[in-house]
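Per-entry structural report
Listed below are the residues making up each chain.
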Amino acid sequence: MQTMTISPAADALDIGDETLAGHERVLFCRDDESGLRAIIAIHDTTLGPGLGGTRFKAYPSDQDALHDVLRLSRGMTSKNAAAGLPFGGAKAVIIGDPRTAKTPELLRAYGRFVDSLEGRYVTAADLGTNSDDLDVIGEVTTHVTGRTAAAGGSGDSGPATALGVFSAMRAGAERQWDEGLKGRVVGVEGAGKVGGVLTRLLLDAGATVVVADPDPAARERVSAATGGAVQLAETLTGPELDVYAPCALGATVTVERARSFGARLVCGAANNQLPTPHEDAALHAAGILWVPDYVANAGGVIHLAGAERLRRSPEEVTADVRRIGDTAREILTRSAESGIPTGAAADEVVAARLAAARA
Ligand code: NAI
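Residues numbered from 1 in each chain as written. Predicted model: local features only at pLDDT ≥ 70, side-chain atom pairs only at ≥ 80, totals over all residues. Heavy atoms only, no water.

All right, on to the overall build of the protein then. Counting its regular elements, the protein contains 14 helices and 13 strands. A compact globule built from 359 residues should have a C-alpha radius of gyration of about 21 Å, and the protein, at 20 Å, falls within 12% of that. Its C-alpha atoms put the protein at 60 × 45 × 40 Å along the principal axes. Counting every position in the protein, which comprises 359 residues, the buried fraction comes to 53%. Residue pairs at least 24 apart in sequence account for 65% of intrachain contacts in the protein once pairs closer than 6 positions are excluded. (Helix = DSSP H or I, 4+ residues; strand = E, 2+ residues; numbered from the N terminus. Rg over C-alpha atoms; globule rule 2.2 N^0.38 Å. Buried < 20%, exposed > 50% of the residue type's maximum accessible area, 1.4 Å probe, protein only. Contact = heavy atoms within 4.5 Å.)

Okay, structure coming up:
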């Protein structure tokens, strides 16, 4: 097991718009026996230990992996702070193709690195990792959330994420329409673990739902689960949508796309929804209400932290997730009153929470 902690002085590395200097600790992990190569980035522990998932991905270059983990860990600081959790921001990437590189030995080697941080970093699942992997990681460290119920974890966070998105969307809809979500047409992009549950909640709230997913099996699942009550498509098109819910990939939210759908509200589960930060102001200027991604999609981390670290009962966790609606309301009101874009308003709320904790 080899580690290297690099200092902010190594800032000369070309990592795009990210900087190492803004992070508390970055750990490069290498284990030759299992072939593990990973990076753990702890961005900010003002509010508590860094909590964030482990992404397992084949990156074009190590620089890309470093850029991704720094960006993601910074995002977790914002997400956990906006959610009111006593956790800071951190994230990890394992470099490699999970379909071929993932072995129990490699996951255990990774778990030993997580353990070496003595609780400063608490891991969870992300793209390319799942609860079964966390069970294996959990064999060598206790600093892990999201294991299977059989292994003592709280399992899939998708339903909690969906409830959080729904609560945030309702807050947005209340600002845009007198009747809220009732009678609105919502386009859900991505019928996965989050999109499927979100669709059910939207139907129950009286919305019409169009679900787009290129995977026929995913479309079939959502159709069966809703008794055929939704319109299905391979890709989302307009212009009859009122709400656009990105629940598949990042970087899909632009003024052009929202306009082409006819949407006046954008709220979904995907991380890093804006292709560039400038889109925040552009959406605001176009009168399209965007509920910032890290506010809307915090239900999963609230579920993990509450159920596994904070000893909250299932009822309390559900109430905590629903409170995302209040946070969204606070941010949308701040944006409306001060005339700043919603993303900037959310960043202000996060900065204020961190400043208060530091003071
Ligand atoms: P998932 O992998 O279960 O589902 C994603 C779905 O999107 C798949 O059915 C896939 O076929 C579909 N998809 C892929 N490309 C698409 C496209 N171009 N148009 C429409 N659909 C497309 O993922 P999950 O768990 O539902 O998460 C959805 C998003 O929310 C992801 O971006 C994830 O990172 C994010 N997220 C998920 C959380 C969770 O608790 N599951 C927590 C926070 C964020």
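As a further point, take the domain arrangement of the protein. Per the domain assignment, the segments making up the protein are domain 1 (2-77 + 87-150) and domain 2 (158-297 + 326-352). Centre-to-centre separation of domain 1 and domain 2, based on C-alpha positions: 29 Å. (Domains from an automatic or database assignment.)

Before going further, it helps to examine the pairing of strand β2 (residues 25-31). Bridge count between β2 and strand β3 (residues 36-44): seven bridges; the pairing is antiparallel. Looking across to β3, one finds that Leu27 is bridged to Ile40. What sits between β2 and β3 in their antiparallel hairpin is a turn of four residues, with Gly35 showing a positive phi close to 85 degrees. (Pairing = 2+ DSSP bridges.)

The next point concerns the sheet that holds strand β10 (residues 231-233). Strands pair in a sheet through their backbones, by hydrogen bonds, and they do so in one of two ways: parallel or antiparallel. Judged by pairing direction, the sheet is parallel, and its six strands sit side by side in the order β10-β9-β8-β11-β12-β13 without closing on themselves. This sheet does not close on itself; its edge strands, each paired only once, are β10 and β13 (289-290). Sheet topology note: the strand β12 (residues 265-266)/β13 ladder contains two bridges and is parallel. What sits directly across from Leu265, in β13, is Leu289.

Now for the site of the ligand. Around the ligand, the surrounding shell holds 22 residues, and the nearest of these are Ser157, Thr161, Val194, Asp213 and Ala248. Residue Lys193 places a side-chain N or O atom 3.0 Å away from an oxygen atom belonging to the ligand. A distance of 3.5 Å is found between an oxygen atom of the ligand and a side-chain nitrogen or oxygen belonging to Asn271. For the ligand, whose unbound accessible area comes to 830 Å², protein coverage reaches 75%. Of all elements in the fold, only α5 (158-176) and α6 (193-204) reach the threshold of two or more residues within the shell around the ligand. In the shell around the ligand, the residues fall into 10 nonpolar, seven polar and five charged. (Near = heavy atom within 4 Å. Polar contact = N/O pair within 3.5 Å; in protein donor to acceptor, adjacent residues only side chain to side chain. Areas by Shrake-Rupley, 256 points an atom, 1.4 Å probe, with all protein chains shown as cover. Nonpolar A, V, L, I, M, F, W, Y, C, P; charged D, E, K, R; others polar.)

Glancing now at unusual backbone geometry. Omega for the peptide link from Gly238 to Pro239 comes to 5 degrees, which places this bond in the cis form. Inspection of the secondary structure puts Pro239 in the loop between β10 and β11 (243-246). Positive phi is not limited to glycine here, since Ala251 has a value of about 60 degrees. On the secondary structure map, Ala251 appears in the loop between β11 and α8 (255-261). In this structure Ala251 comes out as partly exposed when scored by relative accessible area, which is 43%.

Here we come to the packing of α5 against helix α12 (residues 314-322). The geometry of a pair of packed helices is captured by two quantities: the angle between their axes and the separation between those axes. It is at 8 Å that the axes of α5 and α12 come closest, and there the two elements cross at 40 degrees. If you check the angle between α5 and α12, you find them oblique. Taken together, the residues of α12 that come into contact with α5 (itself represented by Ala160, Leu163, Gly164, Ser167 and Arg170) are Thr318, Val321 and Arg322. Of the residues assigned to the contact of α5 with α12, the class counts are three nonpolar, three polar and two charged. (Axes fitted to C-alpha atoms, helices over the stretch in contact; angles between N-to-C directions. Parallel < 35°, antiparallel > 145°, perpendicular 65-115°, else oblique.)

Taken across its nine residues, β3 has eight buried, putting it largely inside the fold. With six bridges joining them, β3 and strand β6 (residues 88-95) adopt antiparallel strand pairing. Pairing of Ala41 across the sheet is with Lys91, part of β6.

Quick look at the side chain of Thr252 now. Structurally, the position occupied by Thr252 is in the loop between β11 and α8. Not counting chain neighbours up to four residues away, the residues in contact with Thr252 comprise Glu189, Tyr244, Pro246, Arg257 and Gln273.

Right, let's get into the nonpolar core. Side chains of nonpolar character tend, in soluble globular proteins, to be buried together. Met169, Val186, Leu198 and Leu202 are the most contacted members of the largest nonpolar core, which has 58 residues in total. For this core, the leading source of residues is α5, giving nine residues. Shared between two domains, this core holds at least three residues of each, these being domain 1 (2-77 + 87-150) and domain 2 (158-297 + 326-352). Beyond its immediate chain neighbours, meaning those up to four positions away, Leu202 contacts Phe166, Met169, Leu181, Val186, Val188, Ala207 and Val209. (Core = buried A, V, L, I, M, F, W, Y, C linked by side-chain atoms within 4.5 Å.)

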